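Structure at a glance
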Amino acid sequence: MQGILIADKDMNMVAKMLGEDGYSVTITDSVSMMLQDMLKKVIKVVLLGSELDEIPAAELIPLLKKCNKKIEIILVSGEASLPQMRKVRSEGIFYHALKSNSPEDNEEIRQAVLSAMACAVKH
């Protein structure tokens, strides 16, 4: 089963949707649990919120890449400035999706996960 780690406390609806799609989904709201899951589980894709434990995503992305260079990271956040987006893109995210509030909006995340999984399998 292909593993997805959701590192954000507000993506329960997304976690449920991806679980229904047949993915093994782990959700966490702490950096320490995120790292533990990255090292102990077979995680292919990480959905990362804009911050975790008050640490900005831009600082967490390089840490995730050190745990697993082949991991695909989808940043799910609100609007960000152009310099902030350049920084996270240079760190190696797969995709940036805006945080959604409705099931219809989650289709973008579903499609991004599908694409990220296809890329992760190729590695």
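Predicted model only: the values in this text are computed from it and were never measured.

Focus: the overall build of the chain
Counting its secondary structure elements, the chain contains five helices and seven strands. In sequence order, the chain lays out its α and β elements as β-α-β-α-β-β-β-α-β-α-β-α. In summary, the chain has a C-alpha radius of gyration of 13 Å against a globular reference of 14 Å for 123 residues, a match within 12%. Considering only C-alpha atoms, the chain reaches an extent of 35 × 30 × 25 Å along its principal axes. Counting every position in the chain, which comprises 123 residues, the buried fraction comes to 43%.

A few points about helix 2 (residues 31–40)
What helix 2 keeps buried is the set Val31, Met34, Asp37 and Met38. The arc that holds every buried residue of helix 2, seen down its axis, measures 125°, which confines them to one face. The exposed set on the far side of helix 2, more than 90 degrees from its buried face, consists of Ser32, Leu39 and Lys40. Taken together, the buried residues of helix 2 touch strand 1 (3–7), strand 2 (24–28), strand 3 (43–48), strand 4 (51–52), strand 5 (55–56) and helix 3 (57–67).

About the thresholds
- The written sequence of each chain sets the order in which its residues are numbered from 1.
- Under the rules for a predicted model, residues below a pLDDT of 70 receive no local features and side-chain atom pairs below 80 are neither given nor counted, while totals for whole chains, interfaces and linings still include all residues.
- To get the side-chain values, all heavy atoms of the structure are used, and hydrogens and water are removed first.
- The secondary structure listing takes helices from DSSP runs of H or I that are at least 4 residues long and strands from runs of E that are at least 2 residues long, numbered from the N terminus.
- We compute the radius of gyration from the C-alpha atoms alone; for a globule the expected value is 2.2 Å times N to the 0.38, where N is the number of residues.
- Burial here depends on accessible area, computed with a 1.4 Å probe over protein chains only, as a share of the maximum for the residue type. Under 20% is buried, over 50% is exposed, and the range in between is partly exposed.
- Think of the arc as the fan of directions from the helix axis to the C-beta atoms.
- Here, residues are in contact when the closest pair of their heavy atoms is within 4.5 Å.

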